[in-house]
Amino acid sequence: TQEHGGEEAIGMVFSTHVPSEAAALGQQAKSIKDNERIVKATEYVEHAEGGARFQSYVVLQTEEGDSIVVDKAVPWAENPSSLHDRNSLAKVIRSRECRSSDVTVGMIKGTHVQELMMESSSTRYAQ
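Residues numbered from 1 in each chain as written. Predicted model: local features only at pLDDT ≥ 70, side-chain atom pairs only at ≥ 80, totals over all residues. Heavy atoms only, no water.

Colleague: Tell me what's going on with the overall build of the protein, and back it up with residues and numbers.
Modeller: Across its full length, the protein holds 4 helices and 5 strands. The linear arrangement of helices and strands in the protein, starting from the amino end, is α-β-β-β-β-α-β-α-α. When the accessible surface of the protein is totalled, it reaches about 9200 Å², and 52% of it is carbon and sulfur. (Helix = DSSP H or I, 4+ residues; strand = E, 2+ residues; numbered from the N terminus. Areas by Shrake-Rupley, 256 points an atom, 1.4 Å probe, with all protein chains shown as cover.)

Colleague: Describe the pattern of salt bridges, with residues and values.
Modeller: For the coordinates displayed, the defined rule picks out 6 salt bridges. Between Glu63 and Arg37 there is a salt bridge, with its nearest N and O atoms 3.9 Å apart. Of this pair, Glu63 sits in the loop between β2 (54-62) and β3 (67-70) while Arg37 is found in the loop between α1 (21-24) and β1 (38-47), placing the two residues 26 residues apart along the sequence. Between Glu46 and Arg86 there is a salt bridge; the shortest N-O distance is 2.6 Å. In this pair, Glu46 is assigned in strand β1 and Arg86 in helix α2 (residues 83-89), connecting sequence segments 40 residues apart. The class of Glu46 is buried, set by a relative accessible area of 13%. Residues joined in a network through salt bridges with shared partners are Glu46, Asp71 and Arg86. (Salt bridge = Lys/Arg side-chain N within 4 Å of Asp/Glu carboxyl O. Buried < 20%, exposed > 50% of the residue type's maximum accessible area, 1.4 Å probe, protein only.)

Colleague: So what about the packing of aromatic side chains? Which residues, and what values?
Modeller: Where two aromatic rings form a pair, the distance of their centres and the angle of their planes describe that pair. Applying the stated criterion across every chain yields a total of 1 aromatic pair. Centre to centre, the rings of Tyr44 and Tyr57 are 5.1 Å apart; their planes meet at 10 degrees, and the pair counts as stacked. A residue pair is termed long-range when its members are at least 10 positions apart, and Tyr44 in strand β1 and Tyr57 in strand β2 qualify at 13 residues. Here Tyr44 matches Tyr57 in class, with each residue buried. Lying over the aromatic face of Tyr57, Arg86 brings its terminal NZ or CZ to 3.8 Å of the ring centre. (Phe/Tyr/Trp six-rings, centres within 6.5 Å; stacked < 30°, edge-to-face > 60°. Lys NZ or Arg CZ within 6 Å of the ring centre and 35° of its normal.)

Colleague: Describe the sheet that holds strand β5 (residues 91-97), listing the residues and the values that go with them.
Modeller: Reading across the sheet, the 5 strands line up as β4-β3-β2-β1-β5 and stay open at both edges, with antiparallel pairing between neighbours. In the strand order of this sheet, the two ends are held by β4 (77-78) and β5, each with one partner. Note: β1 against β5, 6 bridges, orientation antiparallel. Within β5, the position partnered with Ala41 by the bridge is Arg96. (Pairing = 2+ DSSP bridges.)

Colleague: Residue-level account of the side chain of Glu46, with values.
Modeller: Within the structure, the side chain of Glu46 is placed 2.7 Å from the side chain of Gln55, a separation counted as a polar contact. Reaching out from Glu46, the side chain makes a polar contact with the side chain of Arg86 at a distance of 2.6 Å. Residues in contact with Glu46, not counting those within four places in the same chain, are Arg53, Phe54, Gln55, Tyr57, Arg86 and Ala90. (Polar contact = N/O pair within 3.5 Å; in protein donor to acceptor, adjacent residues only side chain to side chain. Contact = heavy atoms within 4.5 Å.)

Colleague: Account for the confidence of the model for the protein, with residues named and values stated.
Modeller: When pLDDT is averaged along the protein, the result is 78, and 69% of the positions lie at 70 or above. Predicted confidence is poor over residues 21-27, with pLDDT under 50, and the contacts of this stretch with residues over four places away or in other chains come to 2 contacts. (pLDDT = per-residue confidence, 0-100.)

Colleague: Give a description of the pairing of β1 that names residues and reports values.
Modeller: A large share of β1 lies buried, amounting to 7 of its 10 residues. Counting the residues that bridge the hairpin from β1 to β2 gives 6 residues, and of these Gly50 lies at a positive phi of roughly 90 degrees.

Laid out in structure tokens, this is it:
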């Protein structure tokens, strides 16, 4: 910011949220039930460390407000405490509402295991 004719001041904000109580206390978040319905799927792309320039990951949101992150590095993460920060540094590639479908967490887990067995690339994996 800068006042007219004044000295310029540069500021930075790294995070605007408070960590969840469970994460702050080092507690495990509640487990997501297999019968919870998936209501939204969002694919993100982010900078990758190492040889690749980018990597994709998917965030699945359930009807109960839970989040599941699916990617190659950590194949299945339920309600990760760093999700808000990770998403803020990534770009949304595509997103789809799934409220009208009957896809459940358990169905996604079954497909997920098959994808892991095939060792797909991160982009194919996110699809």
